[in-house]
Amino acid sequence: MATVKESMKVSWKESGYKKTLSKEELAVFKTLNRDKKDDVVLAWINGTPVNLLNEDALKSVNNNTLEIDLNTQKNIEHLEKLGFASPSMSTITAFNRLNIGATTNTLLNAAGAFTTDRHKQLQSIFYNTQQSQMFLLSAQNDELIKQNERVIEQNEEIINLLQQIANK
């Protein structure tokens, strides 16, 4: 279920979407339940509008896409704050599945740094440093993933060109 804030984002865009619809499409749109409406508007926002006059297209709209897409957007913003420049889908998927809450760990480690016990302070500093290094390594690995994806695309283009040359 989407949060109130996420639902508000979709509802603000809904009026713009309704203006693009024909009378028949608007009538169909009005018959949809709230979840379906949100999914249809979100698909329109993402550049993949749904044909409301096609029943199969309406059935293919997934009720969970709104929640997943908005969570992904939040996680992308969070990853960018951690040093990831436009994270790859594999990094976003891993981040979603692991449900990493870096802010909680940082808060607890900072609280541990204010103790009078030297051992606990050093341990807290070590955990903060280790966490920063982990995100740095993850960002570097993410860049390698993106480079590999580009190399694979280039290789596919080369193969296609070689096939075209061979066919001539």
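Residues numbered from 1 in each chain as written. Predicted model: local features only at pLDDT ≥ 70, side-chain atom pairs only at ≥ 80, totals over all residues. Heavy atoms only, no water.

Novice: Looking at this model, I keep getting lost on the nonpolar core. Mind explaining?
Specialist: Looking at soluble globular proteins, one finds that nonpolar side chains tend to be buried together. Listed in full, the 12 residues of the largest apolar core are Val10, Tyr17, Leu21, Phe29, Leu32, Val40, Val41, Ala43, Val50, Leu52, Ala57 and Leu58. With three residues, helix H3 (residues 34-45) is the largest single contributor of residues to this core. Formed by six residues, the second largest nonpolar core is a distinct cluster that contains Phe84, Ile92, Phe95 and Ala139. (Core = buried A, V, L, I, M, F, W, Y, C linked by side-chain atoms within 4.5 Å. Buried < 20%, exposed > 50% of the residue type's maximum accessible area, 1.4 Å probe, protein only. Helix = DSSP H or I, 4+ residues; strand = E, 2+ residues; numbered from the N terminus.)

Novice: Whenever I open this one, the packing of aromatic side chains confuses me. Can you help?
Specialist: Describing an aromatic ring pair means giving the distance of the ring centres and the angle of the ring planes. Under the definition given, this model contains two aromatic pairs. When the centroid spacing of 5.5 Å and the interplanar angle of 65° are considered together, the rings of Tyr17 and Phe29 count as edge-to-face. With Tyr17 in helix H1 (residues 4-19) and Phe29 in helix H2 (residues 23-31), this pair connects stretches of sequence that are 12 residues apart. Phe29 sits in the buried class, given a relative accessible area of 0%. Aromatic side chains Tyr17 and Trp44 sit 5.3 Å apart centroid to centroid with 55° between the ring planes, which places their arrangement in the tilted category. Taken together, the residues Tyr17 in helix H1 and Trp44 in helix H3 connect sequence positions 27 residues apart. (Phe/Tyr/Trp six-rings, centres within 6.5 Å; stacked < 30°, edge-to-face > 60°.)

Novice: Where do I start with a nonpolar patch on the surface in this structure?
Specialist: A cluster of nonpolar side chains, Ile158, Leu162 and Ile165, forms an exposed patch at the surface whose accessible area comes to about 310 Å². You can see Ile158 is positioned in helix H8 (residues 118-167). Ile158 sits in the partly exposed class, given a relative accessible area of 45%. (Patch = residues over 30% accessible without salt bridge, like charges linked within 9 Å, V, L, I, M, F, W, Y side chains within 5 Å. Areas by Shrake-Rupley, 256 points an atom, 1.4 Å probe, with all protein chains shown as cover. Salt bridge = Lys/Arg side-chain N within 4 Å of Asp/Glu carboxyl O.)

Novice: Would you mind going over H3 with me for this structure?
Specialist: Structurally, the α-helix is built with 3.6 residues per turn, so residues lying three or four positions apart point the same way. Its 12 residues give H3 an end-to-end C-alpha distance of 16 Å, which sits within 8% of 16 Å, the value for a rise of 1.5 Å per residue. Inspection of H3 places Lys36, Lys37, Asp38, Asp39, Val40, Val41, Leu42 and Ala43 among the buried residues, and these make up the whole buried set. One or two positions beyond H3, positive phi appears at Gly47, with a value near 90°. (Expected span 1.5 Å × (residues − 1).)

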